[in-house]
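# Descriptive structure summary
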Amino acid sequence: MLLLHHKTLNKWQPPGGHQNPDENPCQTVIRETIEETGIDIAPFLPKPVQLDGRATMLPLPEYFLEEQIPAHKDKPAHVHLDMVYVVEVPIQKAVLERDGAHEIGWFLVEEAMQLDMFVNVRVTLAEIFDLYEGKVRG
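In this text the structure is predicted, and so the values were computed from the model without any measurement.

### Looking at the packing of aromatic side chains
With the rule as written, the count across this model stands at one aromatic pair. Ring centres 5.1 Å apart and planes at 80° place the aromatic pair Trp12 and Phe107 in the edge-to-face group. Of the two residues, Trp12 is situated in strand 2 (residues 11–13) and Phe107 in the loop between strand 7 (101–106) and helix 2 (109–112); the sequence distance between them amounts to 95 residues. In terms of burial, Trp12 and Phe107 fall into one category: buried. It is Lys11 that lies over the ring of Phe118; its NZ or CZ is 5.6 Å from the centre.

### Describing the nonpolar core
Counting residues in each nonpolar core, the largest one holds twelve residues, listed as Leu3, Trp12, Tyr63, Val84, Phe107, Ala112, Leu115, Met117, Val121, Leu125, Ile128 and Phe129. Among the elements that take part in this core, helix 3 (residues 119–137) stands out by supplying four residues, more than any other. Residues contacting Ile128, with those up to four places away along its chain left out, are Tyr63 and Val86. Leu2, Ile39, Leu45 and Val89 belong to the second largest nonpolar core, which has nine residues in total.

### Examining the pattern of salt bridges
Following the criterion strictly, the structure yields four salt bridges and no others. A salt bridge links Asp116 to Lys11; the shortest N-O distance between them is 3.1 Å. A residue pair is termed long-range when its members are at least 10 positions apart, and Asp116 in the loop between helix 2 and helix 3 and Lys11 in strand 2 qualify at 105 residues. With a relative accessible area of 41%, Asp116 lands in the partly exposed category. We note a salt bridge from Arg31 to Glu32, for which the minimum N-O separation is 3.0 Å. A single burial state applies to Arg31 and to Glu32, both of which are buried. Connected through salt bridges with shared partners, the residues Glu23, Arg31, Glu32 and Glu35 form a single ionic network.

### Notes on helix 1 (residues 25–37)
With 13 residues, helix 1 ought to run about 18 Å at 1.5 Å a step, and its terminal C-alpha atoms sit 18 Å apart, in line with that. Residues of helix 1 that are buried in the fold lie against strand 1 (2–6), strand 6 (78–84) and strand 7. Backbone geometry just downstream of helix 1 places Gly38 in the positive-phi region, at approximately 80°.

### With respect to the sheet that holds strand 7
The three strands lie next to each other as 2-1-7, forming an open sheet whose pairing is antiparallel. Bordering the open sheet on either side are strand 2 and strand 7, each of which pairs with just one other strand. Adjacent strand axes in the sheet meet at a mean angle of 25° when their direction is disregarded. Bridging between strand 1 and strand 7 involves five bridges; their strand directions are antiparallel. Bridge pairing links Leu2 to Trp106 in strand 7.

### Details of the pairing of strand 1
As a general feature of sheets, a regular strand has side chains that alternate between the two faces. A large share of strand 1 lies buried, amounting to four of its five residues. As paired strands, strand 1 and strand 2 are joined by three bridges and run antiparallel to one another. Across the sheet, residue Leu4 finds its bridge partner in strand 2, namely Gln13. With antiparallel pairing between neighbouring strands as the criterion, strand 1 and strand 2 make up a hairpin whose turn holds four residues, including Asn10 at a positive phi of roughly 55°.

Thresholds, definitions, all that
- Residues numbered from 1 in each chain as written.
- Predicted model: local features only at pLDDT ≥ 70, side-chain atom pairs only at ≥ 80, totals over all residues.
- Heavy atoms only, no water.
- Phe/Tyr/Trp six-rings, centres within 6.5 Å; stacked < 30°, edge-to-face > 60°.
- Helix = DSSP H or I, 4+ residues; strand = E, 2+ residues; numbered from the N terminus.
- Buried < 20%, exposed > 50% of the residue type's maximum accessible area, 1.4 Å probe, protein only.
- Lys NZ or Arg CZ within 6 Å of the ring centre and 35° of its normal.
- Core = buried A, V, L, I, M, F, W, Y, C linked by side-chain atoms within 4.5 Å.
- Contact = heavy atoms within 4.5 Å.
- Salt bridge = Lys/Arg side-chain N within 4 Å of Asp/Glu carboxyl O.
- Expected span 1.5 Å × (residues − 1).
- Pairing = 2+ DSSP bridges.
- Axes fitted to C-alpha atoms, helices over the stretch in contact; angles between N-to-C directions.

Quick look at the structure:
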């Protein structure tokens, strides 16, 4: 699992970020991963399917979380909707591309579960690892 240590939150978490108004969730996950790690995950995502001139079927996220974010400094409390995509890519060199994190690394299950992270991230990662290990064993 590729994780970053977020400077402001002081926690480990997967790459991610906010969706721009002009992009869909798939474009966001590709852009944010490149911006934060230097890795292009586009070739490893299912391709969108053009249904007709007006509609495209997008790959679905594996998880869709609603997170209550408490007020902090000048920012009021609000809700984050997190679309979590699980993308299998070959291990490759990751580079901290942004100033928001001060460490990045690939981790085995046992290593990742020992890191300081939010409970919701730990629970989601545990489920992802369980499902992945089931595929490998099955």
